[in-house]
Amino acid sequence: QVQLVESGGGLVQPGGSLRLSCAASGSIRSMNAITAMAWHRQAPGKERELVAGLYLSGLTKYADSVKGRFTISRDMSKSTLWLQMNNLNIEDTAVYYCNYVSPYGGSWGQGTQVTVSS
């Protein structure tokens, strides 16, 4: 099992930027078995939605609403997943979660709140 801890959320004005981090820790076997990691978000009263995904092949996938504004990446040690968010708008306000999948299962972090407000 891999444990995930998100950080980097906060209050930002429209048009601003934030960089979210997701620190992953676990056994070498579990870490090396990860096939994909992703960022999701859930706004009040709405279902959780995929924001950005990063696959073992290097392929990335973005929700249409964030294309061109958000960038997902992972560090060389594969222990941290990032989400660079630029040109934020009020509709980006949500709790952001990271998760992973592997042949042995997956898990979610506890989430980090992002609030975009003037």
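As a reminder, the structure under discussion sits directly above these lines.
Computed from a predicted model, the values in this text were never measured in an experiment.

(A) Layout of the packing of aromatic side chains. All chains considered together, the criterion is met by one aromatic pair. It is Arg19 that lies over the ring of Trp82; its NZ or CZ is 3.8 Å from the centre. Across from the ring centre of Tyr104, 4.2 Å away, lies the NZ or CZ of Arg29, which sits over that ring.

(B) Seen up close, the sheet that holds strand E8 (residues 80-85). The four strands are arranged E1-E3-E8-E7 in an open sheet whose pairing can be described as antiparallel. Strands at the two margins of the open sheet, each flanked by one partner only, are strand E1 (2-7) and strand E7 (70-74). Each strand axis lies, on average, 15 degrees off the axis of its neighbour in the sheet, ignoring direction. Bridging between strand E3 (residues 18-26) and E8 involves six bridges; their strand directions are antiparallel. Within E8, the position partnered with Leu18 by the bridge is Met85.

(C) Summary view of the side chain of Thr112. With respect to the helices and strands, the residue Thr112 is situated in strand E11 (residues 112-116). Take Thr112: its relative accessible area is 10%, and that puts it in the buried class. Polar side-chain contacts of Thr112 include one of 3.1 Å to the backbone nitrogen of Gly9. Those residues in contact with Thr112 that sit more than four places away from it in its chain are Glu6, Ser7, Gly8, Gly9, Leu20, Ala94, Val95 and Tyr96.

(D) View of the pattern of salt bridges. This model, assessed by the stated rule, comprises four salt bridges. Taking the shortest distance from any N to any O, the salt bridge between Asp64 and Lys67 comes out at 3.1 Å. The burial state of Asp64 is the same as that of Lys67; both residues are exposed. A salt bridge links Arg69 to Asp92; the nearest nitrogen and oxygen atoms lie 2.8 Å apart. In this pair, Arg69 sits in the loop between strand E6 (60-62) and E7 while Asp92 sits in the loop between E8 and strand E9 (94-102), placing the two residues 23 residues apart along the sequence. Residue Asp92 is classed as buried on the basis of its relative accessible area of 1%. Beyond isolated ion pairs, a larger network of salt bridges with shared partners links Arg41, Glu49, Arg69 and Asp92.

Rules used throughout
Residues numbered from 1 in each chain as written. Predicted model: local features only at pLDDT ≥ 70, side-chain atom pairs only at ≥ 80, totals over all residues. Heavy atoms only, no water. Phe/Tyr/Trp six-rings, centres within 6.5 Å; stacked < 30°, edge-to-face > 60°. Lys NZ or Arg CZ within 6 Å of the ring centre and 35° of its normal. Pairing = 2+ DSSP bridges. Helix = DSSP H or I, 4+ residues; strand = E, 2+ residues; numbered from the N terminus. Axes fitted to C-alpha atoms, helices over the stretch in contact; angles between N-to-C directions. Buried < 20%, exposed > 50% of the residue type's maximum accessible area, 1.4 Å probe, protein only. Polar contact = N/O pair within 3.5 Å; in protein donor to acceptor, adjacent residues only side chain to side chain. Contact = heavy atoms within 4.5 Å. Salt bridge = Lys/Arg side-chain N within 4 Å of Asp/Glu carboxyl O.

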